[in-house]
Amino acid sequence: MQRIRHIHSITKRLIVMTSIAVAVLGSIFALTFFFDQRFMVTWAVPLCGIIGGFVSIQQRLNNVTDEELELLDASVFQILLVPIFGGVFALVLYLVFLSGIVSGDLFPDFSFPEERSWQTGNQYMMRIFQETYPSSGPDLAKLLFWSFVAGFSERFVPQLINNVTTRVSSASDRNDRDDAGDR
């Protein structure tokens, strides 16, 4: 019976926190859209990651031990940690997609603004953040889906980062050996 009370208490807190997170980020998103007449992808990405984190916690509640349930019920911070990481991981994944480090049919393509010769570096960087969008509707859907996955699966983005750094290290080691062999 105590277990069920903990689960209900945590679920209520998750609903409240999810609603607050959606309201805050949704308001920022709406204000940006209303005043600037632009869809700011950089607000939608962490929002999907945060929602993914909240859903992940809710999905796992039935599988955690009684001690973990007590800890989660007693600490607001423990409940917020996973969704916060989810939002951060979604932003990191967004940067990975923008950089082209990961690409393919399953991942979104983006349209970048053209660089103009009269612009300074700072002006162009601002344009990149303000005017870079997924290339199509399906690309937007892919971005939002992967942002949710980044929040839902805590290990997805860290594993992706590990895979990329391992590939870079391996390539660097091969280049170093090739350079040493050329001498």
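Residues numbered from 1 in each chain as written. Predicted model: local features only at pLDDT ≥ 70, side-chain atom pairs only at ≥ 80, totals over all residues. Heavy atoms only, no water.

Thoughts on the overall build of the protein chain
Counting its secondary structure elements, the protein chain contains 7 helices and 2 strands. For the protein chain, the α and β elements follow one another from N to C terminus as α-α-α-α-β-α-β-α-α. Relative to the 2.2 N^0.38 estimate, which gives 16 Å for 183 residues, the radius of gyration of the protein chain is 21 Å and therefore markedly larger than a compact globule would have. Taken along the three principal axes of its C-alpha coordinates, the protein chain extends 70 × 55 × 30 Å. In the protein chain, once contacts between residues fewer than 6 apart in sequence are set aside, the share between residues at least 24 apart is 74%. Here the protein chain has roughly 11500 Å² of accessible surface; of this, 61% comes from carbon and sulfur atoms. (Helix = DSSP H or I, 4+ residues; strand = E, 2+ residues; numbered from the N terminus. Rg over C-alpha atoms; globule rule 2.2 N^0.38 Å. Contact = heavy atoms within 4.5 Å. Areas by Shrake-Rupley, 256 points an atom, 1.4 Å probe, with all protein chains shown as cover.)

Re the side chain of aspartate 139
Here aspartate 139 shows up in helix H6 (residues 137–152). Judged by relative accessible area, which is 7%, aspartate 139 ranks as buried. At 3.2 Å, the side chain of aspartate 139 and the backbone nitrogen of aspartate 109 are in polar contact. The contact partners of aspartate 139, leaving out residues within four places of it in the chain, are Phe107, Pro108, Asp109 and Pro134. (Buried < 20%, exposed > 50% of the residue type's maximum accessible area, 1.4 Å probe, protein only. Polar contact = N/O pair within 3.5 Å; in protein donor to acceptor, adjacent residues only side chain to side chain.)

A few points about helix H5 (residues 121–131)
Among the residues of H5, Tyr124, Arg127 and Ile128 are the ones counted as buried. End-on view of H5: buried residues confined to an arc of 105°, all on one side of the axis. (Arc of directions from axis to C-beta.)

Side note on the pattern of salt bridges
Side-chain pairs of opposite charge can arise where the charged atoms are in close proximity. Applying the stated criterion across every chain yields a total of 4 salt bridges. For the salt bridge of arginine 60 with glutamate 154, the shortest nitrogen-to-oxygen distance reads 2.7 Å. Taken together, the positions of arginine 60 in helix H2 (residues 41–60) and glutamate 154 in the loop between H6 and helix H7 (156–182) put the pair 94 residues apart, joining distant regions of the chain. The class for arginine 60 is partly exposed, based on a relative accessible area of 35%. (Salt bridge = Lys/Arg side-chain N within 4 Å of Asp/Glu carboxyl O.)

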